[in-house]
Amino acid sequence: MRTNPERRTALVDAAIEVLAADGARGLTFRSVDVAASVPNGTTSNYFANRDDLLLQAGLRIHDRLGADPEHLDQPPSTEFLTALLQLLQERLTKDRAGYLALLELRLEATRRPALQEALAKRVRENLDENIRLHHEHGLPGDPLLLYLTIGGYMLEQLTLPGVLPDGLLEKVIGQLAAPS
């Protein structure tokens, strides 16, 4: 196996683009070679098999879509929470391919127990960290309810744009973050 970390990351990023465009069934070493503009056989030099490539793509997506901690230095409020969730929406919209690839990987994980285990572990760690930060920063609302609601909202926005009305995110956050 080759160990050039920059090349490996470029190949995984290319795999994410292939997943977003062609789905898990379209992900082959050859399709990644083409997407990464590298010689035939390059991807097979970096990954033992397709399962390894799928797993690495799943882990990389979370790095690409992860939050920027520098935005957590404001006083807790519904407005601050709204701003954080709008930043999340911007990140996911900017890296729409990453989000769509993540959806493809979640579906593929239903058929691949090792992938399901790895993705579930990573998502659980991210969720636990988000809940911890939510409480640590005294943000309003139930973090788990916000997580589930925003997940559904982003699914609609990025897979079927235009279905939901403008301004809905702010309205929903205001309702979920309002004191009970």
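Residues numbered from 1 in each chain as written. Predicted model: local features only at pLDDT ≥ 70, side-chain atom pairs only at ≥ 80, totals over all residues. Heavy atoms only, no water.

Chemist: How do you make sense of helix α9 (residues 168-177) when you look at a structure like this?
Modeler: For an α-helix the count is 3.6 residues per turn, leaving residues at separations of three or four pointing the same way. For α9, the complete set of buried residues consists of Leu169, Ile173 and Ala177. Viewed along the axis of α9, the buried residues span an arc of 50°, placing them on a single side of the element. Seen from the buried face of α9, the exposed residues on the opposite side, beyond 90 degrees, are Lys171 and Gln175. As for α9, its buried residues are in contact with α5 (78-94) and α8 (143-159). (Buried < 20%, exposed > 50% of the residue type's maximum accessible area, 1.4 Å probe, protein only. Helix = DSSP H or I, 4+ residues; strand = E, 2+ residues; numbered from the N terminus. Arc of directions from axis to C-beta. Contact = heavy atoms within 4.5 Å.)

Chemist: Would you take a moment to explain the pattern of salt bridges for this structure?
Modeler: Side chains carrying opposite charge are able to pair once their charged atoms draw close together. Enumeration over the complete set of coordinates arrives at twelve salt bridges. A salt bridge links Asp13 to Arg64; the shortest N-O distance between them is 3.2 Å. Within this pair, whereas Asp13 is found in helix α1 (residues 5-22), its partner Arg64 is found in helix α4 (residues 50-65), the two being separated by 51 residues in sequence. Between Arg64 and Glu17 there is a salt bridge whose closest N-O contact spans 3.4 Å. Here Arg64 is found in helix α4, whereas its partner Glu17 is found in helix α1, with 47 residues between them in sequence. (Salt bridge = Lys/Arg side-chain N within 4 Å of Asp/Glu carboxyl O.)

Chemist: Even after reading the chapter, I still don't get the confidence of the model for the protein, so can you show me in this structure?
Modeler: If pLDDT is low for a region, its predicted coordinates should not be looked at in detail. Confidence in the prediction of the protein, expressed as mean pLDDT, is 88, and 94% of residues score 70 or more. Of all the helices and strands in the protein, α5 carries the lowest mean pLDDT, 81, while helix α2 (residues 29-36) carries the highest, 97. (pLDDT = per-residue confidence, 0-100.)

Chemist: Please explain the packing of α5 against α9 as it appears in this structure.
Modeler: Two quantities define a packed helix pair, namely the angle between the axes and the distance from one axis to the other. Interhelical geometry of α5 versus α9 gives an angle of 135° and a closest axis separation of 10 Å. One element, α5, and the other, α9, form an angle in the oblique class. Read as a crossing pair, α5 and α9 show a hand that is right-handed. Here α5 contributes Thr78, Leu81, Thr82, Leu85, Gln86 and Gln89 to the contact with α9, which in turn contributes Leu169, Glu170, Ile173, Gly174 and Ala177. A per-class count over the contact of α5 with α9 returns five nonpolar, five polar and one charged. (Axes fitted to C-alpha atoms, helices over the stretch in contact; angles between N-to-C directions. Parallel < 35°, antiparallel > 145°, perpendicular 65-115°, else oblique. Left-handed = near helix turned anticlockwise from the far one by under 90°. Nonpolar A, V, L, I, M, F, W, Y, C, P; charged D, E, K, R; others polar.)

Chemist: Help me understand the environment of Leu55 in this model?
Modeler: Structurally, Leu55 can be placed in helix α4. Separated by 60 residues in the primary sequence, Leu55 and Leu115 have C-alpha atoms spaced 5.9 Å apart. Not counting residues up to four positions away in its chain, the partners in contact with Leu55 are Leu115 and Ala118.

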